[in-house]
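Examination of the molecular architecture
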Amino acid sequence: MDRSNLTYVPAAARRADEPFEIVERKGHGHPDTLADALGEHLSAVYSRYTHERFGAVLHHQFDKTGILGGRVQVAFGGGQMLAPVRVLLCGRASGSFAGEPIPVHEMLTDATRTFFADRFPMLDIQQDLRLIYEVSQGDSPGGIGAKNTANVRSRWFAPQSLADLPELKKLACNDTSSGAAFSPPTPTEQLVLDVEHVLAGDARPSWLGSDIKVMAHRSGAVVNLTCAVPQIAVHVPDLDTYVANREAAHAALARHAAEHYPDLQVRIWLNTRDDEQRPELYLTHTGSSIETGDEGLVGRGNRYGGLISAMRPFTMEGISGKNPVYHTGKVYCVAADLIASGIHAELGHGAEVLLVGQSGRELTDPWAAAVRVEPAADGGPAPDVEAVAPLVDKALAALPGSVPDILAGSYRMH
């Protein structure tokens, strides 16, 4: 990239050594994370179909996908849905190529039902899931005049040939937006990422739900960790079992923290709203609050990398479900990750990267880039810009080849 557009900041301290951190994660079954995951799943399904059939990923965006909660009755030993979970399939997608119809409606609705069946086997997919389909093929802004040969923009969602895909000739930013990433996580960030894996273990307990939410704040070496851990009612016959499960989860997290983070003093709270006398408990039918009226929308949950890390640079782009070829906010998160992880792998320093794209500009030449590089773990200074800049160029050059890895889920979008 143009060196004049690169702002290099050799940091005075590592994030892990700063006095305070706030780190949050919404787990795999949280409605917002589910919406992100579904949007990304739909994009991958559509991208693979169009690439295999037509030789290119056709224009699409499913980044407005939403999940609207149902209504449930829950008791020890079981539960039932009283009203269905509603799923808003919202966005745009090319509905044809060279006159051949693309079965977008069937493709997306089948993919959605499979998505929920895999994650929530207790749901009757025909009765407990209602799909609201609002995917269009509306023209993108910029198509002026008649739909003729010169007016490619007006055929954005109905290309007649690969010649109607301008990104195959010039890979340019579709929008003026930003992407951000960092590497590696601090110990507090890694601890938050660990929670779901620790609780699930090698064999996930049958009672453990997926809507696990984690919030940590660190002051000095003291980490306060609050976790909301749902239990699935059919596997919890009584209050004693519920309490025993909660205590087992607390003990597992405490052991993990003591073994893997000995330099931190970790204090753990679980299900702080529980009231055993009423009783009011985090007892669920599905393991997720999608059953009880809660909503989830793409872009309201975890940032790229799977965390909401308040002390880090981030973008508010809803990246899940966006086109993996050229959508600036999404692709620049991947590029920022490639840069930050490259700096860490090759130079041994932590890094934070923020990239800004300008609509119509070459994707591999950001309008602006800010790279913050931390001092070494032993206190040695950050490297100079001459060591960092080639790694920025290397990562940006690799960006056009990242699409298969994005579709394979190699980058953590949520």
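That block above? That's the structure.
Summary of the structure given here.

What counts, and at which threshold
Residues numbered from 1 in each chain as written. Predicted model: local features only at pLDDT ≥ 70, side-chain atom pairs only at ≥ 80, totals over all residues. Heavy atoms only, no water. Phe/Tyr/Trp six-rings, centres within 6.5 Å; stacked < 30°, edge-to-face > 60°. Buried < 20%, exposed > 50% of the residue type's maximum accessible area, 1.4 Å probe, protein only. Lys NZ or Arg CZ within 6 Å of the ring centre and 35° of its normal. Helix = DSSP H or I, 4+ residues; strand = E, 2+ residues; numbered from the N terminus. Pairing = 2+ DSSP bridges. Axes fitted to C-alpha atoms, helices over the stretch in contact; angles between N-to-C directions. Contact = heavy atoms within 4.5 Å. 1 Å grid on protein atoms, 1.4 Å probe; cavity = no way out; pocket = protein on both sides within 12 Å on 5 of 7 lines; lining within 4 Å. Points joined across faces, edges and corners; volume = space filled by probe spheres on them. Nonpolar A, V, L, I, M, F, W, Y, C, P; charged D, E, K, R; others polar.

This part covers the packing of aromatic side chains. According to the stated counting rule, one finds five aromatic pairs in the structure shown. Between the aromatic rings of F115 and F116, the centroid separation amounts to 5.3 Å while the plane-to-plane angle is 70°, which identifies the pairing as edge-to-face. You can call F116 buried: its relative accessible area is 0%. An aromatic cluster is present here, built from F115, F116 and F120 joined pairwise through their rings. The aromatic ring of F115 is capped on one face by R119, whose charged end is 3.7 Å from the ring centroid. One residue, R312, lies across the ring of F182, its end atom 3.9 Å from the ring centre.

In this model, S183 is joined to P184 through a cis peptide bond whose omega is -10°. Here the residue pair R278 and P279 is connected by a cis peptide bond, since its omega of -10° sits within 30 degrees of zero. Its place among the elements puts P279 in the loop between β15 (265–270) and β16 (283–284). Although it is not a glycine, A98 sits at a positive phi angle of roughly 50°. In this fold, A98 is placed in the loop between β8 (96–97) and β9 (100–101). On the basis of relative accessibility, which here comes to 45%, the residue A98 falls in the partly exposed class. In this structure, N271 is a non-glycine residue whose phi angle is positive, near 45°. Along the chain, N271 falls in the loop between β15 and β16.

As a general point, the strands of a sheet are linked pairwise by backbone hydrogen bonds and lie either parallel or antiparallel. The sheet built from four strands is open, its strands ordered β1-β20-β19-β11 with mixed pairing. On the outer flanks of this sheet lie β1 (6–10) and β11 (178–183), each paired with one strand and no other. Taken over all neighbouring pairs, the strand axes of this sheet differ in orientation by 10° on average, direction set aside. Where β11 and strand β19 (residues 351–356) come together, six bridges link them in antiparallel fashion. Its bridge partner being in β19, F182 is matched across the sheet by E352. Most of the contacts of helix α6 (residues 385–398) go to β1, to which it runs at about 130°, and overall it touches β1, β19 and β20 (368–373).

All right, on to empty space enclosed by the protein then. Applying the stated criterion across every chain, the model contains two cavities of 30 Å³ or more. By volume, the largest cavity amounts to about 70 Å³. Lining the largest cavity are D36, G299, N302, R303, Y304, T315, E317, G318, I319, S320, C333 and M413. Looking at the lining of the largest cavity, its residues break down into four nonpolar, five polar and three charged. Taken as a whole, the second largest cavity spans an internal volume of roughly 30 Å³. Lining the second largest cavity are M1, R3, L6, A389, V392 and D393. With three residues, the top contributor of residues to the lining of the second largest cavity is α6. Of the residues contributing to the lining of the second largest cavity, the split by class is four nonpolar, no polar and two charged.

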